[in-house]
Amino acid sequence: MKASAFAYHDPKTVQELNSLLGSLDNVRILAGGQSLMPMLNMRYAFPDHVIDINHIAGLAEVVMTPQGLRIGAMTRQRIVREHPLVLEHAPVLAEALHWVGHVQTRARGTIGGSLCHLDPAAEQPCIAALYDAVLHVSGPRGPRDVAMRDWVMSYMTPNLEPDEALLGLTLPVWSAQGQTIGHGFHEFARRHGDYAIVAAAALVSLDAGGVVRRASIALAGVDVKPVRLAVAEQALVGHVLDQALIGTVSAMAATIEMMEDAHITPAYRGRLAQTMTKRALSDALNRATGGRNV
Amino acid sequence: MSELDHAQTTRHISVTVNGTVYERDVLTRTHLGDFLRQELGLTGTHLGCEHGVCGACTIILDGQPIRSCLMLAVQANGATIRTIEGLAQADGTLHPVQEAFWDKHGLQCGFCTPGMVTTLAAVLEADPTLDETAIREAISGNICRCTGYETIVDAALQAASRMRGDH
Amino acid sequence: MGARYFGAAVKRLEDPKLITGRGQYLDDIAMPGVLHVAVVRSPHAHALINAIDTSMARGHAGVVAVLTADDLGEMARKPMPMMAPAPMVKTPLTQSPLAHGSVHYVGEAVALVVAESRAVAEDAAAMVMVDYDPLPAMVDLAHALNEGAAVANQALQSNLAGTLKGGFGDVAGVFSKAAHVFKESLSLHRGGCHAMECRGVMARPDPSGNRIDIWSSTQSPYMVRRALALCLGMDEASVRVTAPDVGGGFGPKAVVYAEDYAIPMAARHLGRALKWVEDRGEHFVATTQQRDQLWELEVAADAQGRMLGVRGHCLHDNGAYLPYGVVLPVTSMSSFPGPYALEALEISIDVIYTNMVPNTPVRGAGRPNTCFVLERLADRVARELGISREDVRRRSFVQVSQFPYETGMKARDGSPVSYDSGDYVQCLDLAVAKFGSDFKARQDKARAEGRYIGMGIASYVEDTGLAPYEGATIRVQPNGKVLLLTGAAAQGQGHKTVFAQIAADQLGITPQDITVEAGDTSLFPLGIGTIASRVAVTGGSSVHMAAVETRAKAIKVASQVLEAQEADLVLEGGFVKVSGTDRQVSLGQLALMLHGNFGQPLPAGIAPGLSATAFYEARQTTFANGTNLCEVEVDIETGAVKILRYVVAHDCGTLINPMLVDGQIRGGVVHGIGNALFERMIYDENGQPQTTNYGEYLLPLATEMPRIEIVHMESPSPRNPIGVKGAGEGGTIPAAACVISAIEDALSPFHVRLGSHPLSPQDLVELIDRG
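Bear in mind the structure is a predicted one, so any value in this text is a computation, not a measurement.

1. Quick word on the overall build of chain A
Okay, step 1: Counting its secondary structure elements, chain A contains eleven helices and 14 strands.
Okay, step 2: Against the compact-globule benchmark of 19 Å for 294 residues, chain A has a radius of gyration of 19 Å, which places it among compact chains.
Okay, step 3: For the C-alpha atoms alone, the extent of chain A along its principal axes is close to 60 × 45 × 35 Å.
Okay, step 4: Considering chain A as a whole, with its 294 residues, one finds that 54% of them fall into the buried category.
Okay, step 5: In chain A, of all internal contacts separated by at least 6 residues, the share reaching a separation of at least 24 is 64%.

As structure tokens, this is what we get:
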């Protein structure tokens, strides 16, 4: 189980990266390596060229910008999970990362790698969808931004041209503005650290009366890309969030069309989507109300 | 693949392993685990799956436990690495995690042990207050077929206690 | 002399090197000039081989040779000998070291690529062009005997390898007069070995061609030597096989594999040292697996819930070949009637060939299968009659007054199966007491809260200490240290420690004074192997016998040296001492004396060397037993099963090292939990394996496994000098049955009935919805 031979490149700048991407064929980008390296070792992937982007400066920064929380593509999952800005502004991302892999894979794995690998059940793209993230892409034609809803082109395929690369993303995090924000993340996986079968992330902003003013619900593992439960979000807004309402909107999660594979039936996915949505919303309610509505 | 430029398939690296600086030419396709085992003769790091699940190949790279099968050797250029061979002190004094594995029968066949011990050494050095749940999570990326994990957890709890200086 | 180490939780002698990274597993052994081998494997479950074109691969830079069956001579094309001959099989099929003309499972070895590195060998393996003619594959056990079913091998008329029949008593009579008869359809699924170290073979031929050194990650180096010496036409003394540190075995490493033959053959052919290390991808398709069985069974019970009789039929999948003969269905058969004193039994097992990886024992062999079906039947009786599952077992068990108890079944040598000792009811009661009596109340309370907890139970008897023998040599050296040589190598069990404990007490020294060497055929003449929970009994007894003899010799010689009565001598601290005096002679001095000096005869009647060799021959089997209880919670929204508690009451006779026995039990239980809940080796309808990495094939992880609470009962076996019984598989045998029992109990409000494993959360949700 040894990788086939490839040429190795380690650009130091984004310009070098783009120029390599523009000039080479059959290329794979090596970020944290936690998905690409198994594919190389198992010879599921046979690139002629591997471009290691670990040496490009400035791709691992986490900063607040007017547009939101900007996270460099090469930020390790361990760093994201523990970062004070993430914990303050997007704690649901830190919570989701608790379920991502294991201590050894989070030490190397990057948020950008996950957003390019695009396993349908992955947690990080789910959070990107939850926030309507904006993805920052570089290419020889200059930088461009891609909305998360336009990011997944098909099964495990990001919206990237062959000569483009993901540099980072911005999560337009929510500001409380006098309201209280609660979040929840639940997933069902066979074992700790496995890819979820289905995961649900929820964000709610409640006013002083407990009425939902803003809501976002995202599911992973139900389609080739993360799915926002727009109907359920609409059903929440304007209503007092309680367990009855959570039950009603969670049931909506089971009604979306589920992908099918050899091992998991759509019916089971639907059941998990409902259950995970309910649990994520319950946590969000609980957090938004400081535990008064457990 | 077609004709590859030697310069692109071979690199010179310098890496510090267990306190010793090594300079080597490496094939770029060689993963770090193979490099440690074959080039440096540090065969204590084991390869159990080579696809990043079993954790036997865990080493400590710049303070973090990582899977050495999921990193190219060339990427370790400039890095500081600790392997199972480097955990005990020069005089042979065992690392508290090693000592606890022996005390608590935390190993049987011993093949997963280097990965277990390096993982636990790294996480407990960072935080010796971990409880059983956290310890089980910390080793959830390390597969053991022999022990059923309980004695490994017990060993980790003992090591944590000693590393906190409880006794 | 009282026992000081025997029975104590002595820390392992094996550990210091293993915890510091100084172990020497096969791939760690430095071998200058060694070449690396990659194996070209069949991508088809069943196909004819028309031609193999190795030209492109041979031309790849760094490749030394590409070898097929045609290159390595007749023995490479000949089917390998069956490791346990099975005269009842009409068409006994085993594979040849390299496939010749046809292949019968995905993963079968077809050719070897020898190169300067493994990576280059893998590059070239992809360039070996094999022209296959695919044939229909048989992967459907349930329909394997149907008219028109695909046949797994063109040498066969039918997929039926043979049928085993066993039983006793007046079955028709018992079933006709029984108050109750219940019928069950039950099934078990195959899982893999998954030792964390995969297999591997290294071979170094002597330049003369007259000798060969072989290293194999095996449980049975002596079986490898026997097989290779016969195959290569060499003296056993010229074939040295070493099992170095072995990273787990669990049964499948007891097989002498195609690679164990092909690598030494290729090494001799090329005159070069070769190494092949199985990678994890290969492990999924080239290392034996086990447990696929389909059962139709009936149980007869009296009005009080005592089980009277069992009858039924099994379809047993043995995969593409019978490398270990029919040992699996034989162990399934001979594990009846378990702990139950049945009046009548009638079982038939059809052994089926399929186009999947061949089957040989995986921890427990056929026993977890039989335990599972018997325990499902016992639970069924309890449910139908409305009595507790514990009481069905108590009433049905062999009772303590019945030992030794002849079950009515025949052992492999045709002798009656006779349980030696134990108290199955008391062992069950120990488990129940440990578990506590408040479960029912907690279950009712939980259900009122919408939580579903359940208690599971499973009991078993295991034949341990399998024939024929193991042996040991003990040799005191002039420095007073002791060398202990044996053929019974370990794969993590801690043999060195327990053997040293046994010997230390006899010799009045510490285990640390003893160096144990095992697994090198050049150091000890004969051995069988570490399989079937047999080494504590066979190896342990042989060490005891050799130690007793060495001790007697030391006393005899010392009595002359010290001019004292033998009865007044004691062995203590490395000395033979005259009790109550300060007169003593060290074991080292005695050893030096018996090593002898030029021209000086040894004392009359004393053979050279302070040493002894003994073989323990297991003429009668010992039987361990136990009862497991567990508590699970099922999340009915997701189907997730959480094991909240797991209690084991275990009787493996006298304990040599309770810490190590506990380790065996815990690891075994977790293996069984894996079988019950996680491990699923899926093949598609064409015989293509679908779960060939650790993302797809789920092994138990620390986060999901419970603590395992153990209570020991010690019923010494009267059948060996140290009273021990085996402990290697007793954890696994009942574990899946126990977990499934608990899940069924948890889901009883939904009338869920469970008759198979593994069970996924999705399976459970579907059953809940249906129930």
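Next, the rest of the story.
2. Observations regarding the pairing of strand 27 (residues 640-651) of chain C
Residues and elements named next belong to chain C.
Okay, step 1: Pairing of strand 26 (residues 622-635) with strand 27 involves eleven bridges; the strand directions are antiparallel. Bridge assignment links Thr627 to a residue of strand 27, and that residue is Ala649.
Okay, step 2: Between strand 26 and strand 27, which follow one another and run antiparallel, lie four residues, and Gly639 among them has a positive phi close to 85°.
Okay, step 3: Across four bridges, the pairing between strand 27 and strand 28 (residues 709-712) is parallel.

3. Remarks on helix 13 (residues 439-448) of chain C
Okay, step 1: Here helix 13 of chain C lies mainly on the outside; zero of its ten residues are buried.
Okay, step 2: Among the residues trailing helix 13 of chain C, Gly450(C) stands out with phi positive, at a value near 80°.

4. Observations regarding the domain arrangement of chain C
All names here are of chain C.
Okay, step 1: We note that the domain assignment places domain 1 (15-21 + 468-617) and domain 2 (411-462 + 623-771) within chain C.
Okay, step 2: The distance between the C-alpha centroids of domain 1 and domain 2 comes to 39 Å.
Okay, step 3: With 15 residues of domain 1 at the interface, the matching set in domain 2 holds 14 residues.
Okay, step 4: For the side of domain 1 that touches domain 2, the secondary structure elements donating two or more residues are helix 14 (495-507) and helix 15 (535-562).
Okay, step 5: Here the side of domain 1 that touches domain 2 gets six residues from one element, more than from any other, and that element is helix 15.
Okay, step 6: Across the side of domain 1 that touches domain 2, the residue classes break down as six nonpolar, eight polar and one charged.

5. With respect to the nonpolar core
Grouped burial of nonpolar side chains is what soluble globular proteins tend to show.
Okay, step 1: Within the largest apolar cluster, 412 residues are counted, with the highest numbers of intra-cluster contacts made by Val198(A), Ala201(A), Val113(C), Ala503(C), Val739(C) and Ile743(C).
Okay, step 2: A per-element tally of this core places helix 15 of chain C first, with eleven residues.
Okay, step 3: Leaving out residues up to four positions away in the same chain, Ala503(C) has contacts with Ile474(C), Val482(C), Leu484(C), Ile514(C), Val543(C) and Ala547(C).

6. A short note on the environment of Leu115(A)
Residue and element names in this part refer to chain A.
Okay, step 1: Following the sequence through the fold, Leu115 ends up in helix 7 (residues 111-117).
Okay, step 2: On the neighbour-count criterion, Leu115 (25 C-beta atoms within 10 Å) is buried.
Okay, step 3: Considered as a pair, Leu115 and Gly72 are 43 residues apart in the sequence and their alpha carbons are 12 Å apart.
Okay, step 4: Setting aside anything within four residues of it in sequence, one finds Leu115 in contact with Gln124, Pro125, Ala128, Leu135, Pro158, Leu166 and Leu169.

7. What about unusual backbone geometry?
Residue and element names in this part refer to chain C.
Okay, step 1: Along the chain, Phe336 connects to Pro337 via a cis peptide bond; the corresponding omega equals 0°.
Okay, step 2: One can find Pro337 in the loop between helix 9 (327-334) and strand 15 (344-352).
Okay, step 3: A cis geometry characterises the amide bond from Phe403 onward to Pro404, with omega recorded as -10°.
Okay, step 4: Structurally, the position occupied by Pro404 is in the loop between helix 11 (389-396) and strand 16 (405-410).

8. Things to note about the sheet that holds strand 4 (residues 102-103) of chain C
Okay, step 1: Across the sheet, three strands lie side by side as 4-2-6 (chain C); this open sheet has antiparallel pairing. In the strand order of this sheet, the two ends are held by strand 4 and strand 6 (129-134) of chain C, each with one partner.

9. Comments concerning the packing of helix 15 of chain C against helix 16 (residues 587-595) of chain C
Residue and element names in this part refer to chain C.
Okay, step 1: The interhelical angle for the contact between helix 15 and helix 16, taken along N-to-C directions, is 85°, at an axis separation of 10 Å. On the basis of their axis angle, the class for helix 15 and helix 16 is roughly perpendicular. In this structure, helix 15 uses Ala554, Val557 and Ala558 to contact helix 16, whose residues at the interface are Leu587, Leu590, Met593 and Leu594.

10. Some details on the packing of helix 3 (residues 96-103) of chain B against helix 4 (residues 113-126) of chain B
In helix packing, the relevant descriptors are the interaxial angle and the interaxial distance, both defined with respect to the helix axes.
All names here are of chain B.
Okay, step 1: Look at helix 3 against helix 4: their axes get within 9 Å of each other, and the N-to-C directions meet at 130°. Judged on the interaxial angle alone, helix 4 and helix 3 are oblique. By crossing handedness, the relation of helix 3 to helix 4 is classed as right-handed. On helix 4, the residues touching Val97, Gln98 and Phe101 of helix 3 are Thr113, Val117, Leu120, Ala121 and Leu124.
Okay, step 2: For the contact of helix 3 with helix 4, the class distribution of residues is six nonpolar, two polar and no charged.

11. Details of helix 16 of chain C
Residues and elements named next belong to chain C.
Okay, step 1: Looking at helix 16, one finds that the buried residues are Leu587, Leu590, Ala591, Met593 and Leu594. Across the axial projection of helix 16, the buried residues extend over an arc of 160°, all falling on one side.
Okay, step 2: Structurally, helix 16 contributes buried residues whose contacts are with strand 19 (469-476), helix 14, helix 15, strand 23 (575-578) and strand 24 (584-586).
Okay, step 3: Downstream of helix 16 by a residue or two, Gly596 has a phi angle that is positive, lying close to 90°.

12. A word on the interface of chain B and chain C
Okay, step 1: In this assembly, 42 residues from chain B lie in contact with 43 residues from chain C.
Okay, step 2: When contributions to the side of chain B that touches chain C are tallied by element, the ones reaching two or more residues are helix 3, helix 4, helix 5 (132-138) and helix 6 (150-164) of chain B.
Okay, step 3: At four residues, helix 3 of chain B tops the list of elements feeding residues into the side of chain B that touches chain C.
Okay, step 4: Taken together, the residues of the side of chain B that touches chain C break down into 20 nonpolar, 14 polar and eight charged.

13. Examining the pairing of strand 19 of chain C
In the case of a regular strand, side chains alternate between the two sheet surfaces.
Residues and elements named next belong to chain C.
Okay, step 1: The buried fraction of strand 19 amounts to six of the eight residues, a majority that puts the element mostly inside the structure.
Okay, step 2: Bridging between strand 19 and strand 25 (residues 611-617) involves seven bridges; their strand directions are antiparallel. Bridging from a neighbouring strand, Glu470 pairs with Tyr616 of strand 25.
Okay, step 3: Bridge count for strand 19 against strand 20 (residues 482-486) is five bridges, and the pairing is antiparallel. Counted as the bridge partner of Val476 is Val482 from strand 20.
Okay, step 4: Following strand 19, the chain reverses through five residues before pairing antiparallel with strand 20; Gly480 in that reversal takes a positive phi of roughly 85°.

14. Points about the interface of chain A and chain B
Okay, step 1: On the chain B side, the residues contacting the 25 residues of chain A number 29 residues.
Okay, step 2: Counting only elements with at least two residues in the side of chain A that touches chain B, the list comes to strand 1 (7-9), helix 2 (36-41) and helix 6 (103-108) of chain A.
Okay, step 3: No other element matches the five residues that helix 6 of chain A contributes to the side of chain A that touches chain B.

15. With respect to the domain arrangement of chain A
Okay, step 1: Each assigned domain of chain A is listed here: domain 1 (7-55), domain 2 (62-171) and domain 3 (180-288).
Okay, step 2: On the domain 2 of chain A side, the residues contacting the 13 residues of domain 1 of chain A number 19 residues.

16. Concerning the sheet that holds strand 3 (residues 49-52) of chain A
By way of backbone hydrogen bonds, the strands of a sheet pair with one another, either parallel or antiparallel.
Residues and elements named next belong to chain A.
Okay, step 1: Sheet architecture is open: three strands sit in the order 1-3-2, paired in parallel fashion. The sheet is open, and its two borders are formed by strand 1 and strand 2 (27-30), each paired with just one other strand. Strand-to-strand twist of the sheet, defined as the mean angle between neighbouring strand axes without regard to direction, takes the value 25°.
Okay, step 2: Where strand 2 meets strand 3, four bridges bridge the pair, whose relative direction is parallel.

17. Points about the confidence of the model for chain C
Okay, step 1: Averaged over every residue, the pLDDT of chain C is 97; the share at 70 or more is 100%.
Okay, step 2: Predicted complex metrics record ipTM = 0.98 and pTM = 0.97.

18. Some points on the environment of Ile531(C)
Residues and elements named next belong to chain C.
Okay, step 1: Mapping Ile531 onto the fold places it in the loop between strand 21 (514-518) and helix 15.
Okay, step 2: Note on Ile531: 24 C-beta atoms within 10 Å, which makes it buried.
Okay, step 3: A sequence separation of 79 residues divides Ile531 from Leu610, and the C-alpha atoms of the two residues are 31 Å apart.

Reading the values: rules and limits
- Residues numbered from 1 in each chain as written.
- Chains lettered and ligands numbered in written order.
- Predicted model: local features only at pLDDT ≥ 70, side-chain atom pairs only at ≥ 80, totals over all residues.
- Helix = DSSP H or I, 4+ residues; strand = E, 2+ residues; numbered from the N terminus.
- Rg over C-alpha atoms; globule rule 2.2 N^0.38 Å.
- Buried ≥ 20, exposed ≤ 12 C-beta atoms within 10 Å, placed from the backbone.
- Contact = placed C-beta atoms within 7 Å.
- Pairing = 2+ DSSP bridges.
- Domains from an automatic or database assignment.
- Nonpolar A, V, L, I, M, F, W, Y, C, P; charged D, E, K, R; others polar.
- Core = buried A, V, L, I, M, F, W, Y, C linked by C-beta atoms within 7 Å.
- Axes fitted to C-alpha atoms, helices over the stretch in contact; angles between N-to-C directions.
- Parallel < 35°, antiparallel > 145°, perpendicular 65-115°, else oblique.
- Left-handed = near helix turned anticlockwise from the far one by under 90°.
- Arc of directions from axis to C-beta.
- pLDDT = per-residue confidence, 0-100.

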